[in-house]
Amino acid sequence: MSEVRVCVLRIEGTNCEDEMAEAFRMCGAAPEKVHLNQMSGKAPPELRRSIEDYDILALPGGFSAGDYVRAGAIFGARIKSSMGRQLRDFVDSEKPVFGVCNGFQILVELGLLPAAKETMEPSPTAALYNNDSGRFECRPTILRNDSRGRCRLVSQVPSGRTLAIPSAHAEGRLLGMDEDFADRLEDNDQVVFRYVGPEGEKAGYPWNPNGSKSDIAGICNPAGNVLGMMPHPERVMTRFTHADWTRGYTSEDGDGKEIIMSVVKAVKS
Amino acid sequence: MTVVDVRIELKKGVADPEGSNTKKTLESLGFKGIDSVRTVKVFEITLDAPAEEAKKHAEEMCRQLLANPVIQKYSVVVR
């Protein structure tokens, strides 16, 4: 397969683009950090880029536009206004879109997740709202892959496997329009990751750091090519940033590598 | 010029950690009889449009950016 080109999209306030790009590089892909202005023609000609030139779109974490209005709302609106149509085509062509933390919030504000009715809903149909604890939660979390096969971005993670991936966010509680929201996501196989305890069991706070309904940590769209998750796989690419690296953890790779590798493998050759 | 106040508030039933935390702190300072504290955001938007039109514009702004209908509701008042 030829080189997998990854667009790591950023604006002011994005702050996880370096490790996101590095994570893709460690998985054999060719990442490029691209400012949104490079997509909207506001940059000098030699710096202009187009989303069609990439195989993967990655939205990194951070505090884009200072989290003004709502986390991810400004970045989402600016993506919509400057490259909305191209992004819709990108998603419709089944190319992978991957959002972490603020990136997940952006995907929700953009209407790309959960996107039950159309590729990009005209207004958000979910929200990532303030953590139940009322504060920023930065702590180790454990995720279980609960996807039953719909999400193409977790193909290298065995079903039911648990991964230690850290969380760091203030707004991670997934809410929908009604009470059945989480059940519908589950029925539709859109729940990809759930927060669990150390034995893989259902566990409340702090293992679920935000109080998300049904312990949901990551979801995909109905087509399975857009994945958003709150925890940060790009922060655990080697054993040295694994939460238990001094306590008997033996693998050379960190748990996050399985996820990033899956995103790279989701590119259709 | 028309000035509109766009008020964004949480829908009923959506927890307001900032509000409840503030309430707790106010009580710790000795303020008594506080029933509830809710956080509300107001955008003051000045538009070059007559009142009626300004209101319509502001409502569209709420739909496209200022409010997430899952957790928030909005109201627009022309000054």
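Description of the structure in this document.

Cut-offs applied
- Residues numbered from 1 in each chain as written.
- Chains lettered and ligands numbered in written order.
- Predicted model: local features only at pLDDT ≥ 70, side-chain atom pairs only at ≥ 80, totals over all residues.
- Heavy atoms only, no water.
- Helix = DSSP H or I, 4+ residues; strand = E, 2+ residues; numbered from the N terminus.
- Buried < 20%, exposed > 50% of the residue type's maximum accessible area, 1.4 Å probe, protein only.
- Contact = heavy atoms within 4.5 Å.
- Lys, Arg positive; Asp, Glu negative; His and termini not counted.
- Charge placed at Lys NZ, Arg CZ, Asp CG, Glu CD.
- Pairing = 2+ DSSP bridges.
- Axes fitted to C-alpha atoms, helices over the stretch in contact; angles between N-to-C directions.
- Expected span 1.5 Å × (residues − 1).
- Salt bridge = Lys/Arg side-chain N within 4 Å of Asp/Glu carboxyl O.
- Polar contact = N/O pair within 3.5 Å; in protein donor to acceptor, adjacent residues only side chain to side chain.
- Nonpolar A, V, L, I, M, F, W, Y, C, P; charged D, E, K, R; others polar.

1. Regarding the overall build of chain B
Here is step 1 of the chain: Helix and strand counts for chain B stand at two helices and three strands.
Here is step 2 of the chain: Within chain B, buried positions represent 29% of all 79 residues.
Here is step 3 of the chain: Considering only residue pairs separated by 6 or more positions, chain B has 69% of its internal contacts joining residues 24 or more positions apart.
Here is step 4 of the chain: Between the averaged position of the 13 positive side-chain charges in chain B and that of its 12 negative side-chain charges there is a distance of 8 Å.

2. Looking at the sheet that holds strand 4 (residues 97-100) of chain A
All names here are of chain A.
Here is step 1 of the chain: The strand order across the open sheet built from nine strands is 2-1-3-4-11-10-9-6-7, with neighbouring strands paired in mixed fashion. Single-partner strands in this sheet number two, and they are strand 2 (30-35) and strand 7 (162-169). The average angle at which neighbouring strand axes cross in this sheet is 25 degrees, direction not considered.
Here is step 2 of the chain: Pairing analysis gives three bridges linking strand 10 (residues 216-220) to strand 11 (residues 226-229), with the strands arranged antiparallel. The residue bridging Ile 219 from the neighbouring strand is Gly 228, located in strand 11.
Here is step 3 of the chain: In the packing of helix 1 (residues 17-26) onto the sheet, contacts are made with strand 1 (5-10), strand 2, strand 3 (56-59) and strand 4, and the angle to strand 2 comes to roughly 160 degrees.
Here is step 4 of the chain: Against the sheet, helix 4 (residues 102-110) contacts strand 3, strand 4, strand 10 and strand 11, and its axis sits at roughly 120 degrees relative to strand 4.

3. Thoughts on helix 1 (residues 17-28) of chain B
Here is step 1 of the chain: Spanning 12 residues, helix 1 of chain B covers 16 Å between terminal C-alpha atoms, matching the ideal 16 Å at 1.5 Å per step.
Here is step 2 of the chain: Immediately downstream of helix 1 of chain B, the backbone of Gly30(B) shows phi near 105 degrees, a positive value.

4. Considerations on the interface of chain B and chain A
Here is step 1 of the chain: Between chain B and chain A, the contact holds 17 residues from the first and 19 residues from the second.
Here is step 2 of the chain: For the pair chain B and chain A, the interface holds zero salt bridges.
Here is step 3 of the chain: The interface formed by chain B and chain A holds six residue pairs in polar contact (both at pLDDT 80 or more) in total.
Here is step 4 of the chain: Of all the secondary-structure elements, those providing two or more residues to the side of chain B that touches chain A are strand 2 (40-47) and helix 2 (51-66) of chain B.
Here is step 5 of the chain: Sort the elements by how many residues they give to the side of chain B that touches chain A and helix 2 of chain B lands first, with three residues.
Here is step 6 of the chain: Here the residues of the side of chain B that touches chain A are counted per class, giving 11 nonpolar, two polar and four charged.

5. A look at the sheet that holds strand 3 (residues 72-78) of chain B
Two pairing modes exist for strands in a sheet, parallel and antiparallel, and in both the strands are linked by backbone hydrogen bonds.
Residue and element names in this part refer to chain B.
Here is step 1 of the chain: Pairing is antiparallel across the open sheet formed by three strands, whose spatial order is 2-1-3. With partners counted over all chains shown, the strands left at the sheet margins are strand 2 and strand 3, one partner each. Ignoring which end each strand starts from, the neighbouring axes of this sheet average 20 degrees apart.
Here is step 2 of the chain: Here strand 1 (residues 2-10) runs beside strand 2; their pairing, made up of eight bridges, is antiparallel. In the sheet register, Asp 5 faces strand 2, and the bridge partner there is Glu 44.

Remember that the coordinates give geometry; whether it matters functionally is a separate question.
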